[in-house]
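Examining the three-dimensional arrangement
For reference, the chains in residue letters:
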4 protein chains.
Amino acid sequence: MKAISKSQIKRDALVKATISLVNNNGFHATPMSKIAKMANVSPATIYLYFENKQDLVNQVYIEVKAEFSTYAFKDYDSEVDVETGFEKIWKNIANYKLKQVDQSLFLSQCDNTPMIDEESRQEGLKHLQPLLELWERGKNEGVIKPLSPYLLYAFTIYPISFLVNMENRNLCSIGKGELEKAYSTAWNSIKI
Amino acid sequence: MKAISKSQIKRDALVKATISLVNNNGFHATPMSKIAKMANVSPATIYLYFENKQDLVNQVYIEVKAEFSTYAFKDYDSEVDVETGFEKIWKNIANYKLKQVDQSLFLSQCDNTPMIDEESRQEGLKHLQPLLELWERGKNEGVIKPLSPYLLYAFTIYPISFLVNMENRNLCSIGKGELEKAYSTAWNSIKI
Amino acid sequence: MKAISKSQIKRDALVKATISLVNNNGFHATPMSKIAKMANVSPATIYLYFENKQDLVNQVYIEVKAEFSTYAFKDYDSEVDVETGFEKIWKNIANYKLKQVDQSLFLSQCDNTPMIDEESRQEGLKHLQPLLELWERGKNEGVIKPLSPYLLYAFTIYPISFLVNMENRNLCSIGKGELEKAYSTAWNSIKI
Amino acid sequence: MKAISKSQIKRDALVKATISLVNNNGFHATPMSKIAKMANVSPATIYLYFENKQDLVNQVYIEVKAEFSTYAFKDYDSEVDVETGFEKIWKNIANYKLKQVDQSLFLSQCDNTPMIDEESRQEGLKHLQPLLELWERGKNEGVIKPLSPYLLYAFTIYPISFLVNMENRNLCSIGKGELEKAYSTAWNSIKI
DNA sequence: AATGAATGAGTATTCATTCAT
DNA sequence: AATGAATGAATACTCATTCAT
């Protein structure tokens, strides 16, 4: 059993506060003082854990992205057949986005604004490798259309973000049925 | 032929400057003074045309969204058969996003951050009505799968944004061939 | 008659306030807010006239140094004989330092601390040229000892600062008699 | 032989670090944390040896001044004739300032800024007594002009600081010859 | 209509000092 | 004696907004 240090607890609180506040107000409308207050520390304390505001948000981004990727490939077996593997990953991602609403929203902002260093953004891209490999295999096996990974991603994974955003804004609701429909739409769009 | 007033010219310059600066720096990192400088007016002048910064960006959003919608349904005849109509609209949208890069980037930021009033956001949604009606007809005619408009949008229109973003960041390039592939993927995912 | 602009008045007030506060507290212990308050403007206004704190103090230094130099050579005729010329300049400098106490103190701090850019410091050195030329002539005429300008300065001009500092701290008083004695000591130390 | 305690070593390291950092950055631009780091102790440790930052710099000043005075009268015999005694002291002082560059620079800053308590400054003045007595004797013996100690100091000792400062800034170089010239200039200016 | 000057309210960041260990 | 973590109080600088002209 791992003992969690007091420091780690504070750092985690800061990360959490950052996500929440940036989600609600955006990067520049989130003062360090508010982050500190929400994490129950002094503003100066933030600077014990992060170099500055930019560094804070960069690190949060990288951590959330890593957590997301871990979740995306949970219980995924790269030996399994392509369709089964794709379904696993797709539903993992969908479930993550549906449950970890804050984290997803945060990533969504990071991916569409100039708030993250390009470097950190690149760092965050590394993690999807297994999915790319699965697609490659699917194309070789003649199960998946010969499309670039960008197209495959755009028509299967990216739409999830839209649906989740809509649900978060209470514009629609995604139950089990909807999710299943969404999945088969995704799969239909790329299977041969 | 309509004479364009001096006022209108200034307003247009302000709108243009806002789009450009917000794209590059984000809403909160874009000072009014810079917008003014780029539009060659005094900061005080902005307040003759807009109530305040929030109002400025709201209005810009609504205008860009309107322009976008107009383009989306250009040469679209609502009497035409469903597939033809869908292709027209889809390609209009894709072309707009590929050509009007600044505007698209701006909308992308607005749609993923808390920088726009919810009210203005609602305002911007109204414009897609003809597409929704087309889909409705398609479902009735048994040409399009019986999916909610959110799903249809998520898997056909929304992916375009991803592709265009990737192209703008020079991560991939979208030529005629790619566009055609993307279109048929979109159509495949919703046609029966 | 020259009209002094409102802007110039504000700038002057800022310069004056800077001198006074830096004298009493030192550069780093002088907040911009206090300078603003003493000059009866908002802190933000300082930045209309100066780029930042360093720029402010650099400019003040250069201006004071220029004022000092002007005074040093007031009514000085470079054609006059060496001893007369030297006496004129020496007494000008002494009088300036005795009367313009604030300015002198300020220069004294600037010359002995790392508070001024090296560039501005160089800028400030230019002004003593006529004195150097006088010394050169004096050496050629065999009236002044063949010493380097640094030595000449160290033993004739620099001592004035010490005396004035002592008077400012009320450790001694410099009346007419004292000044005359000081002058002849200075002249004695370099004349042949 | 005296054993130097571990405490004394740390204290010395702190004093040294303070001198070095204050020389390069000035009093207020020298954080306690940097002093601690340079002395290889924790910031908190400083407060075991000194009450606070002001106390630290005051004590450093007094110690350096004492070291300086000791050096100034090394091998000085108060029975010796006035000129010989003056030469001894003058050259001691000059040599100290030339060799102990850091200490001299530090004293120079202290003497020209409001960084030291007036009290500590007074404390530092006490040490020149033997020089004052020598001058008194010289005046009585008719060897030295009847000038106030302030004038004598201003025209013989104070100039050394200027020369050393110039050398430190690499604006001039002071070799044996220069030093000898400087000494005779000093003596000339006060001898009868 | 148009503006340049002015500013109050804020924000990121620093730092002397303390305290639990 | 020694420390690393923590912080409250400051401080330079920015910016949306106003106002006299």
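Residues numbered from 1 in each chain as written. Chains lettered and ligands numbered in written order. Predicted model: local features only at pLDDT ≥ 70, side-chain atom pairs only at ≥ 80, totals over all residues. Heavy atoms only, no water.

**Topic: the relation of the copies chain C and chain D**
Aligned on chain D, chain C shows an RMSD of 0.2 Å; the corresponding rotation is 179° and the shift along the axis is 0.1 Å. Both chain copies can therefore be described as sitting about a two-fold axis. Among all residues of chain C, the one whose C-alpha sits closest to the rotation axis is C:Ser189, at a distance of 2.1 Å. Comparing interface residues between copies, 98% of those in chain C also lie at the interface in chain D; the contact surface is shared. (Least-squares fit on C-alpha atoms with pLDDT ≥ 70 in both. Contact = heavy atoms within 4.5 Å.)

**Quick look at the UniProt feature "DNA-binding region" (unreviewed entry) in chain A**
When the UniProt feature table is mapped onto this chain numbering, "DNA-binding region" (unreviewed entry) sits at residues 31–50 of chain A. Across residues 31–50 of chain A one finds 70% helix and 0% strand; the C-alpha atoms that close the span lie 15 Å apart. (UniProt positions renumbered as here; feature names shortened; annotations may be inferred. Helix = DSSP H or I, 4+ residues; strand = E, 2+ residues; numbered from the N terminus.)

**Observations regarding the protein's contact with DNA strand F**
Close contacts around DNA strand F come from 29 residues, with A:Thr45, B:Met32, D:Ala44, D:Thr45 and D:Tyr49 the closest. Near the protein, meaning within 4 Å, the atoms of DNA strand F are sugar or phosphate in a fraction of 65%, with bases accounting for the rest. With respect to DNA strand F, the backbone of B:Lys53 contributes an N or O atom lying 2.9 Å from a phosphate oxygen. Of all the elements in the fold, those that place two or more residues in the surface near DNA strand F are α3 (43–49) of chain A, α2 (32–38) and α3 (43–49) of chain B, α3 (43–49) of chain C together with α3 (43–49) of chain D. Each residue belonging to the surface near DNA strand F can be placed in one class, and the counts come to 16 nonpolar, nine polar and four charged. (Near = heavy atom within 4 Å. Polar contact = N/O pair within 3.5 Å; in protein donor to acceptor, adjacent residues only side chain to side chain. Nonpolar A, V, L, I, M, F, W, Y, C, P; charged D, E, K, R; others polar.)

**Re the interface of chain B and chain A**
Between chain B and chain A, the residue contacts involve 43 residues of the former and 42 residues of the latter. Interface area for chain B against chain A, summed over the two sides, is near 3,500 Å², with a carbon-plus-sulfur share of 68%. Counting across the chain B and chain A interface gives zero salt bridges. Scanning the region where chain B abuts chain A turns up six residue pairs in polar contact (both at pLDDT 80 or more). Sorting the residues of the side of chain B that touches chain A by element identifies α1 (6–25), α6 (101–112), α7 (118–125), α9 (149–156), α10 (158–168) and α11 (176–190) of chain B as the ones contributing at least two each. Tallied by class, residues from the side of chain B that touches chain A come to 19 nonpolar, 17 polar and seven charged. (Buried area = accessible area lost by both parts, 1.4 Å probe. Salt bridge = Lys/Arg side-chain N within 4 Å of Asp/Glu carboxyl O.)

**A short note on the protein's contact with DNA strand E**
DNA strand E sits among 29 residues. The nearest are B:Ala44, B:Thr45, C:Ala44, C:Thr45 and D:Met32. In DNA strand E, atoms within 4 Å of the protein come from the sugar-phosphate backbone in 67% of cases. Contact distances for DNA strand E include 3.3 Å between a phosphate oxygen and a backbone N or O atom of C:Ser42. Of all elements in the fold, only α3 of chain A, α3 of chain B, α3 of chain C together with α2 (32–38) and α3 of chain D reach the threshold of two or more residues within the surface near DNA strand E. Looking at the surface near DNA strand E residue by residue, the classes come out as 16 nonpolar, nine polar and four charged.

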